[in-house]
Amino acid sequence: MGTKAMSVSVPVTGSAPPSEPVSPLKLVFGTEPRFVNPPHVTRNLNIETFPTDSPQQGSGDALVKISPNPPVSHPIGLTGYSSGMTGRHVLNVGSLSKEQLHQLFNLAHSMRVAVIKDRPLDYLLKGKVMASIFYEVSTRTMCSFAAAMMRLGGSVIYMNEHMSSSKKGESIRDTIAVMSSYADVLVLRHPEPGCVETASRVCRKPLINAGDGIGEHPTQALLDIFTIREEIGTVNGLTITMVGDLKHGRTVHSLARLLTLYRVTLRYVSPTCLQMPQSVVDYVSTKGIKQVCRAFKF
């Protein structure tokens, strides 16, 4: 059958914005029929073709049936989720806004409640694949990402430094470029600061930073703030103290930066030789957050 176009008038109630009139649907017939209307007009419609050899239509012609797709139920409220993070890399906390955190935490709360009540969530990412790429040893981060993906119905492929072609000299850029063709999302941990950002430039799928040396660990910071929010009810108005090796701790680097989105006071307690990096202190200071540093010698 050659390619040809036709217009059919079908009511599409609710598919177009109220300000736009409902126009006839336009179909193009080639290998298979497809719409040429804007996506907002056709997103809820389904095309079915039925072969017919009637004398009036001729051999090889087909009847076309256009029907609404069945509504998809989202029991945990995904229909209202629009954080702007879909399809984007998560490399550092500086790219996150307060509104994004608010929506993300509300969604995470809904999922947490569903898990506690033993309600299935495995329809959300069914058929999706996550690549877990760890160049450093990990227990909690690697397993938590895998568990989350599996709870949502997805699957996980694993790669680490000892079983990858990096042993034969393959670069991280080449590895990520290849792995991004196998998976829908990639999670990368690497001992070198800034390596994850470099890898993101050749990654065709969303890339999540699971820790890059002493740089950042954005998802851990998200989890920390989510836990505070769940346990205490709010983050605003709190004094939050970070204790220990603040110089090399990538988790506290991300956490201090992310907390600047709230009204908090930050206290740093550490040995003199392991104080919070000045770059982090300066960043927090530019956001108008009060900081108190307490250093001690062994």
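In the block above lies the structure referred to throughout.
Procedures and definitions
- Residues numbered from 1 in each chain as written.
- Predicted model: local features only at pLDDT ≥ 70, side-chain atom pairs only at ≥ 80, totals over all residues.
- Heavy atoms only, no water.
- Helix = DSSP H or I, 4+ residues; strand = E, 2+ residues; numbered from the N terminus.
- Buried < 20%, exposed > 50% of the residue type's maximum accessible area, 1.4 Å probe, protein only.
- Arc of directions from axis to C-beta.
- Axes fitted to C-alpha atoms, helices over the stretch in contact; angles between N-to-C directions.
- Parallel < 35°, antiparallel > 145°, perpendicular 65-115°, else oblique.
- Left-handed = near helix turned anticlockwise from the far one by under 90°.
- Contact = heavy atoms within 4.5 Å.
- Nonpolar A, V, L, I, M, F, W, Y, C, P; charged D, E, K, R; others polar.
- Pairing = 2+ DSSP bridges.
- Right-handed = clockwise from strand over helix to strand, strands pointing away.
- Salt bridge = Lys/Arg side-chain N within 4 Å of Asp/Glu carboxyl O.
- Expected span 1.5 Å × (residues − 1).
- Core = buried A, V, L, I, M, F, W, Y, C linked by side-chain atoms within 4.5 Å.

This brings us to unusual backbone geometry. Most peptide bonds take the trans configuration, and most residues that are not glycine carry a negative phi. Here Asp118, not a glycine, exhibits a phi torsion of approximately 60°, which is positive. Note that Asp118 resides in the loop between helix H2 (98-116) and strand S6 (129-134). Given a relative accessible area of 69%, Asp118 falls into the exposed group.

What follows is about helix H8 (residues 278-286). Every buried residue of H8 is listed here: Val280, Val281 and Val284. End-on, the buried residues of H8 take up no more than an arc of 100°, which puts them together on one face. H8 presents Gln278 and Thr286 as exposed residues on the side facing more than 90 degrees away from its buried surface. Phi turns positive one or two residues past the end of H8, at Gly288, with a value near 75°.

The relative placement of two packed helices is expressed as an angle between their axes plus a distance between the axes. At their nearest, the axes of helix H7 (residues 250-258) and H8 sit 9 Å apart, and the two run at 15° to each other. The angle between the axes of H7 and H8 places the two elements in the roughly parallel class. Note that H7 runs across H8; the crossing there is left-handed. Each of His253, Ala256 and Arg257 in H7 lies in contact with H8, whose residues at this interface are Ser279, Val280, Tyr283 and Val284. For the contact of H7 with H8, the residue count by class is 4 nonpolar, 2 polar and 1 charged.

What follows concerns the sheet that holds S6. As summarised here, the arrangement of the 4 strands in space is S7-S6-S8-S9, forming an open sheet in which the pairing is parallel. Taken across any chain shown, the strands that pair with only one partner, and hence form the sheet edges, are strand S7 (155-160) and strand S9 (207-212). Each strand of the sheet is rotated relative to its neighbour by a mean of 15°, with strand direction disregarded. Both strand S8 (residues 185-190) and S9 contribute to a ladder of 4 bridges, which runs parallel. Within S9, the position partnered with Leu188 by the bridge is Asn209. Each of S6, S7 and S8 touches helix H4 (residues 172-179); the most contacted strand, S8, lies at about 160° to it.

Another point: the pairing of S7. For S6 and S7, the ladder comprises 6 bridges, and the chain directions are parallel. Each bridged residue has a counterpart across the sheet, and for Val129 the counterpart in S7 is Ser155. In this view, the connection linking S6 to its parallel neighbour S7 by way of helix H3 (residues 140-151) has right-handed handedness.

Scanning all chains against the criterion turns up 3 salt bridges. Ionic pairing is found between Glu230 and Arg112, a salt bridge with its closest N-O pair at 2.7 Å. Here Arg112 lies in helix H2 and Glu230 lies in helix H6 (residues 218-232), a separation of 118 residues in the sequence. Under the relative-accessibility criterion, Glu230 is labelled partly exposed at 22%.

Moving on: the environment of Gly94. Note on placement: Gly94 falls in the loop between strand S5 (61-68) and H2. Relative accessible area serves as the criterion here: at 51%, Gly94 is assigned to the exposed category. Placed 160 residues apart in sequence, Gly94 and Ser254 show a C-alpha to C-alpha distance of 8.7 Å.

At 3.6 residues per turn, the α-helix brings residues three or four places apart onto the same side. Compared with the 27 Å implied by 1.5 Å per residue over 19 residues, the 27 Å span of H2 between its first and last C-alpha is a close match. Among all positions of H2, only Gln100, Leu101, Gln103, Phe105, Leu107 and Ala114 are buried. For H2, the secondary structure elements touched by its buried residues are H6 and H7. Phi turns positive, to about 60°, at Asp118, one or two residues after H2.

As a rule of thumb, soluble globular proteins bury nonpolar side chains together. Core analysis: the biggest nonpolar cluster contains 39 residues, and Met242, Leu259, Leu266, Tyr268 and Met276 have the highest contact counts within it. The leading source of residues in this core is H6, at 5 residues. With near-sequence residues (within four places) excluded, Tyr268 lies in contact with Met242, Leu246, Ala256, Met276, Val281, Val284, Gln291, Val292, Cys293 and Arg294. Ranked by size, the runner-up nonpolar core spans 17 residues in total, among them Met179, Val196, Ala199 and Cys203.

Treat this as a map of the structure, not an account of what it does.
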